[in-house]
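Spelled out, the chains give:
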Number of protein chains: 2
Amino acid sequence: MSATASATDRIFNFSAGPAVLPESVLEQAQKDLWNICDSGIGIMEHSHRGKVFDRVIEEAEADCRKIADISNDYAVLFLQGGASTQFGQIPMNFLSPERVADYPNTGEWTTKAINDAKKFGKVNVPFDGTAENFVRVPTDADLEGQLSSDAAYLHYCSNNTIFGTRYLTPPQTKAPLICDTSSEMFSRPIDINRHALIYAGAQKNLGPSGVTLVIIRRDFAETANPNLMAMMDYRNHIKNGSRYNTPPAFGIYFMGLVFKWILNQGGLESIERRNAAKAQLIYDAIDESEGFYIGHSQPWCRSHMNVTFRLSNPDLESEFLKEAAAQRMDGLKGHRSTGGIRASIYNAFPHAGCEALANLMRDFMARKG
Amino acid sequence: MSATASATDRIFNFSAGPAVLPESVLEQAQKDLWNICDSGIGIMEHSHRGKVFDRVIEEAEADCRKIADISNDYAVLFLQGGASTQFGQIPMNFLSPERVADYPNTGEWTTKAINDAKKFGKVNVPFDGTAENFVRVPTDADLEGQLSSDAAYLHYCSNNTIFGTRYLTPPQTKAPLICDTSSEMFSRPIDINRHALIYAGAQKNLGPSGVTLVIIRRDFAETANPNLMAMMDYRNHIKNGSRYNTPPAFGIYFMGLVFKWILNQGGLESIERRNAAKAQLIYDAIDESEGFYIGHSQPWCRSHMNVTFRLSNPDLESEFLKEAAAQRMDGLKGHRSTGGIRASIYNAFPHAGCEALANLMRDFMARKG
């Protein structure tokens, strides 16, 4: 049973996404699934135009605005289709055959975004990490002189889940800035006002898969192409407060609970400190290993959400994963593009899990090194 | 608490969607939210490429095929964006400026589908129910001679939630047949083989909002337009088994449990009998009232999912709704297009709830008639 279950029947879940969620939120959801707010109806069974859901979505938006100090110049939208839909929806709205957009390429997801953008207009790639297997993101010096003079926008991915890299600050550009921040949204402070559009699939830091948080500057949305199919037109969702059609109600509800959890944790600065400390535990184990463990990312742009490394002796990797599993650690196998190990340690991932992994790394090396 | 809660803390939920879900499925979901299959990880926290979710999605597809005897000529897809996304995605894939598609107009949803289709090609409306406020669907006689000779497809909506009408059989056409069956999917037997594409938002008969069931003939999908954005291209989802990107995992899981529930109810013929009996209870109360209650739909095409009627004295409607609420019946207010009363009684809606409504109708009339 849910409420009587102790944390001991749950394991350390390092999954890259869908990923671990706050346990207090899971417990609340268990109750509300059956009967929310004493309405006699579960959260998934309420009309999306009824009073209970009005309150759910209004609170979710208000708490989201509070977390990142989002002004009314921006609309906060809860959409469907994941970040992958944004890959196409953004150029469908803001690109055209005679215009160009800048897309620094920092991994698999930006590669996919570029492929979709090319279907709608011209794409300039001012930095391409492909040849060095995406071990870093560009610096502003890399981008200087490479950006288009009249770009419709610049699109970047602030944290690269697969490769474990992140931008320390948004790239410098005069173009409207668009950010895919799926794998690190609300894991550290974010300067909304530098962006025209920010989006994040929920399934890493914000909730279950199936809902996408989109924060878009209202005046930028007004510059979109005309005559788009209704569901791909941001203006339509802004006008209807994310309820043009039936929204992903349970996902919005759950995200709203996660927003409250973030605020209860002390907000983004507090969250960032905790995340940095968690990541440091594992990076220290890598750096102290004198090459037994090899980090994928260049140290200066290491992600605090996805710690990627391999063993200098790749034959030992499956043994390492087996020992981790025996110690109730799951989801550590790296993405097929990089191999090795990936520890995804999003907001809801516990400090104790990072300690457990760092301990295993040291212990394993002492025996096998 | 979930498992100890008796049905008595839940009320009769006549919501048009999101709508009532099977209680046994809700109870299962409460448990799996915390820890599914003794994995130590909740259903929403599992990787969509891991073993647990492999089994979830494979079983969901297999059970779906079993329910409606769906052959391998068809792909079964679990997508996002609701039926409203299909309104645009279908013509984006299968229409073009030089081609025409047939769209009989039977209500608000087909009107929206028509508006999106016009952005991609020519639309022929062989029947338009607007002038008579959508009190019926077309007969084959209505459509005869009105269909395009070389239509890319014919799109229809098999059950009209707002107006409470339904097609008894699919329209006769030589064109590929596309059906929006959102509000009655798996409420009665459906002849998949007559269709090229069938779609349904889950939030009426199949699960929570945020997942769309799409059944598409593979050879029809191959005729789609080239160079579409990845997430709008059915071929892409077919090739990747609905996992091109992170799918709406919890919705698919929940839909899978509902499929098992449908099979446990004896399948579609058994479900249809129960639904017919439930609807009859309310239609009888309308028909016996000698005009005190006035049904919206013409009797021959009455929906078994959405029973729509008004009171001959509209001043009494708010009183009727108040009495219903006092008897723990919610969600009966009609859509703003029709006014009056709408009782949505999907698969999971209990027989006892239809009895309760019919009893109230007779009692109310005895006192006010």
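These numbers come from a predicted model, not from an experiment. (Residues numbered from 1 in each chain as written. Chains lettered and ligands numbered in written order. Predicted model: local features only at pLDDT ≥ 70, side-chain atom pairs only at ≥ 80, totals over all residues. Heavy atoms only, no water.)

Novice: Help me understand the overall build of chain A, please; the structure alone is not making it clear to me.
Specialist: Across its full length, chain A holds eleven helices and 14 strands. Computed over the C-alpha atoms, the radius of gyration of chain A is 21 Å, within 12% of the 21 Å expected from 2.2 N^0.38 for a compact globule of 369 residues. Projected onto its principal axes, the C-alpha positions of chain A cover 65 × 60 × 30 Å. The long-range fraction of contacts in chain A, counting pairs at least 24 apart against all pairs at least 6 apart in sequence, stands at 66%. Taken as a whole, chain A presents about 13600 Å² of accessible surface, with 48% of it coming from carbon and sulfur. (Helix = DSSP H or I, 4+ residues; strand = E, 2+ residues; numbered from the N terminus. Rg over C-alpha atoms; globule rule 2.2 N^0.38 Å. Contact = heavy atoms within 4.5 Å. Areas by Shrake-Rupley, 256 points an atom, 1.4 Å probe, with all protein chains shown as cover.)

Novice: How do you make sense of the packing of aromatic side chains when you look at a structure like this?
Specialist: Each pair of aromatic rings is reported with the distance of its centres and the angle of its planes. On inspection of all chains with the given rule, the structure shows 35 aromatic pairs over all chains. A ring pair is formed by phenylalanine 292 of chain A and tyrosine 293 of chain A, whose centres lie 4.8 Å apart and whose planes are at 90°; its orientation type is edge-to-face. On the basis of relative accessibility, which here comes to 10%, the residue phenylalanine 292 of chain A falls in the buried class. A centroid spacing of 4.1 Å and a plane angle of 25° characterise the contact between phenylalanine 94 of chain B and phenylalanine 220 of chain B, whose relative ring orientation is stacked. (Phe/Tyr/Trp six-rings, centres within 6.5 Å; stacked < 30°, edge-to-face > 60°. Buried < 20%, exposed > 50% of the residue type's maximum accessible area, 1.4 Å probe, protein only.)

Novice: Would you take a moment to explain the side chain of asparagine 347 of chain B for this structure?
Specialist: Residue and element names in this part refer to chain B. Relative to the helices and strands, asparagine 347 resides in the loop between strand 14 (341-344) and helix 11 (351-368). A distance of 2.9 Å separates a polar side-chain atom of asparagine 347 from the backbone oxygen of phenylalanine 186. What asparagine 347 contacts, discounting residues up to four positions off in sequence, is Met185, Phe186, Ser187, Asn205, Trp261, Ile262, Ile271, Asn275, Lys278 and Met305. (Polar contact = N/O pair within 3.5 Å; in protein donor to acceptor, adjacent residues only side chain to side chain.)

Novice: When you look at unusual backbone geometry in this model, what are you seeing that I'm missing?
Specialist: Peptide bonds are, in most cases, trans, and in most cases residues other than glycine have a negative phi. Residues and elements named next belong to chain A. Omega for the bond connecting glycine 17 with proline 18 falls within 30 degrees of zero, at -10°, which places this linkage in the cis form. Considering the arrangement of structural elements, one finds proline 18 in the loop between strand 1 (12-13) and helix 1 (23-34). Backbone geometry at aspartate 38 places phi at a positive 55°, although glycine is not the residue there. Inspection of the secondary structure puts aspartate 38 in the loop between helix 1 and helix 2 (51-68). Look at aspartate 38 and you get exposed, because its relative accessible area is 73%. Even without being a glycine, arginine 328 presents a positive backbone phi close to 65°. By relative accessible area, arginine 328 is classed as partly exposed at 40%.

Novice: Quick question: what am I supposed to make of empty space enclosed by the protein here?
Specialist: Over the atoms, a rolled probe matching the size of one water molecule traces out where space is still vacant. With the rule as written, the count across this model stands at six cavities of 30 Å³ or more. Taken as a whole, the largest cavity encloses approximately 260 Å³ of empty space. Lining the largest cavity are 28 residues, and of these Gln80 and Gly81 of chain A together with Gln80, Gly81 and Thr85 of chain B lie nearest its centre. Elements with a contribution of two residues or more to the lining of the largest cavity: strand 2 (74-79) and helix 3 (82-94) of chain A together with strand 2 (74-79) and helix 3 (82-94) of chain B. The residue makeup of the lining of the largest cavity, split by class, is twelve nonpolar, 16 polar and no charged. Put simply, the second largest cavity is a space of about 120 Å³. Looking at the second largest cavity, it is lined by 14 residues, and the ones nearest its centre are Ser209, Gly210 and Gly251 of chain A together with Ser209 and Gly251 of chain B. Within the residue set of the lining of the second largest cavity, elements represented by two or more residues are helix 8 (249-264) of chain A together with helix 8 (249-264) of chain B. (1 Å grid on protein atoms, 1.4 Å probe; cavity = no way out; pocket = protein on both sides within 12 Å on 5 of 7 lines; lining within 4 Å. Points joined across faces, edges and corners; volume = space filled by probe spheres on them. Nonpolar A, V, L, I, M, F, W, Y, C, P; charged D, E, K, R; others polar.)

Novice: Please explain the pairing of strand 14 of chain B as it appears in this structure.
Specialist: Side chains on a regular strand alternate between the two faces of the sheet. Residue and element names in this part refer to chain B. With burial as the criterion, each face of strand 14 is covered, one bearing Ile341 and Ala343 and the other bearing Arg342 and Ser344. Across four bridges, strand 12 (residues 306-311) lies against strand 14 in antiparallel orientation. Counterpart to asparagine 306 in the pairing with strand 14 is serine 344. (Pairing = 2+ DSSP bridges.)

Novice: Sorry, what's going on with the interface of chain B and chain A here?
Specialist: Where interface size is quoted, it is often the accessible area lost as the parts come together. With 64 residues of chain B at the interface, the matching set in chain A holds 64 residues. Counting across the chain B and chain A interface gives two salt bridges. Secondary structure elements with two or more residues in the side of chain B that touches chain A: helix 1 (23-32), helix 3, helix 4 (108-117) and helix 8 of chain B. Residues of the side of chain B that touches chain A, tallied by class, amount to 28 nonpolar, 26 polar and ten charged. (Salt bridge = Lys/Arg side-chain N within 4 Å of Asp/Glu carboxyl O.)

Novice: Any chance you could explain the nonpolar core here in plain terms?
Specialist: Note that soluble globular proteins tend to have their nonpolar side chains buried in a common cluster. If you look at the biggest cluster of nonpolar residues, it comprises 164 residues, and the most contacted ones within it are Phe186 and Leu213 of chain A together with Phe186 and Leu213 of chain B. With residues up to four places along the chain from it excluded, the contact list for leucine 213 of chain B reads Cys64, Val76, Leu77, Phe78, Met185, Phe186, Ile198, Tyr199, Ala200, Leu206, Met255 and Phe259 of chain B. (Core = buried A, V, L, I, M, F, W, Y, C linked by side-chain atoms within 4.5 Å.)

Novice: Looking at this model, I keep getting lost on the sheet that holds strand 11 (residues 293-295) of chain A. Mind explaining?
Specialist: The pairing of strands in a sheet happens through backbone hydrogen bonds and is either parallel or antiparallel. Residues and elements named next belong to chain A. Spatially, three strands are ordered 11-12-14 in an open sheet, and the strand pairing comes out antiparallel. Looking along the sheet, the strands with just one partner apiece sit at the ends: strand 11 and strand 14 (341-344). Within this sheet the neighbouring strands show an average axis-to-axis angle of 30°, counted without direction. Pairing between strand 11 and strand 12 (residues 306-311): three bridges, direction antiparallel. Each residue of the ladder has a partner; that of isoleucine 294, found in strand 12, is arginine 310. Sitting on the sheet, helix 10 (residues 317-326) is in contact with strand 11, strand 12 and strand 14, with an inclination near 130° to strand 12. (Axes fitted to C-alpha atoms, helices over the stretch in contact; angles between N-to-C directions.)

Novice: Before we go on, may I ask you to explain helix 8 of chain A in this structure?
Specialist: The periodicity of an α-helix, 3.6 residues per turn, causes residues three or four positions apart to be oriented the same way. Residues and elements named next belong to chain A. A rise of 1.5 Å per residue sets the reference length of helix 8, with its 16 residues, at 22 Å; its end C-alpha atoms lie 23 Å apart and thus fit the reference within 8%. Counting buried positions along helix 8 gives 13 out of 16 residues, so the element sits mostly inside the fold. The first or second residue beyond helix 8 is glycine 266, which carries a positive phi of 105°. (Expected span 1.5 Å × (residues − 1).)

Novice: Can you help me understand the environment of serine 84 of chain B in this one?
Specialist: Among the structural elements, serine 84 of chain B can be located in helix 3. Taking the C-alpha atoms as reference, serine 84 of chain B lies 9.9 Å from threonine 212 of chain B; in sequence the two are 128 residues apart. Not counting the four nearest positions on each side in its chain, serine 84 of chain B is found in contact with Met231, Tyr244 and Asn245 of chain A together with Asp116 of chain B.

Novice: Mind showing me how you'd approach the packing of helix 1 of chain A against helix 8 of chain A here?
Specialist: Any two packed helices are characterised by how steeply their axes cross, that is the angle between the axes, and by the distance between the axes. All names here are of chain A. Two elements in contact, helix 1 and helix 8, have axes separated by 10 Å at closest approach and are oriented at 140°. Overall, the two elements helix 1 and helix 8 adopt an arrangement that is oblique. The hand of the helix 1/helix 8 crossing is right-handed. In this structure, helix 1 uses Ser24, Val25, Leu26, Gln28, Ala29, Asp32 and Leu33 to contact helix 8, whose residues at the interface are Phe250, Tyr253, Phe254, Leu257, Val258 and Trp261. (Parallel < 35°, antiparallel > 145°, perpendicular 65-115°, else oblique. Left-handed = near helix turned anticlockwise from the far one by under 90°.)

Novice: It is not clear to me how the sheet that holds strand 14 of chain B should be interpreted in this structure. Could you clarify?
Specialist: Residues and elements named next belong to chain B. The strand order across the open sheet formed by three strands is 11-12-14, and the pairing between neighbours is antiparallel. Lying at the two open borders of the sheet, with one neighbouring strand each, are strand 11 (293-295) and strand 14. Between one strand axis and the next, the sheet turns by 30° as a mean value, whatever way the strands run. Contacts from helix 10 (residues 317-326) reach strand 11, strand 12 and strand 14 within the one sheet, and its direction differs from that of strand 12 by about 130°. Along the sheet, helix 11 contacts strand 11, strand 12 and strand 14; its crossing angle with strand 11, the most-contacted strand, is approximately 135°.

Novice: Explain the state of the cysteines to me, please; I cannot follow it from the model alone.
Specialist: Note: disulfide means a covalent bond formed between the sulfur atoms of two cysteine side chains. Residue and element names in this part refer to chain A. Across all of its chains, the model carries zero disulfides over all chains by this definition. Free of any disulfide, cysteine 179 has its nearest neighbouring cysteine sulfur in cysteine 157, separated by 7.0 Å. On the basis of relative accessibility, which here comes to 1%, the residue cysteine 179 falls in the buried class. (Disulfide = S-S within 2.5 Å.)

None of the figures reported here should be taken as evidence of function without further support.
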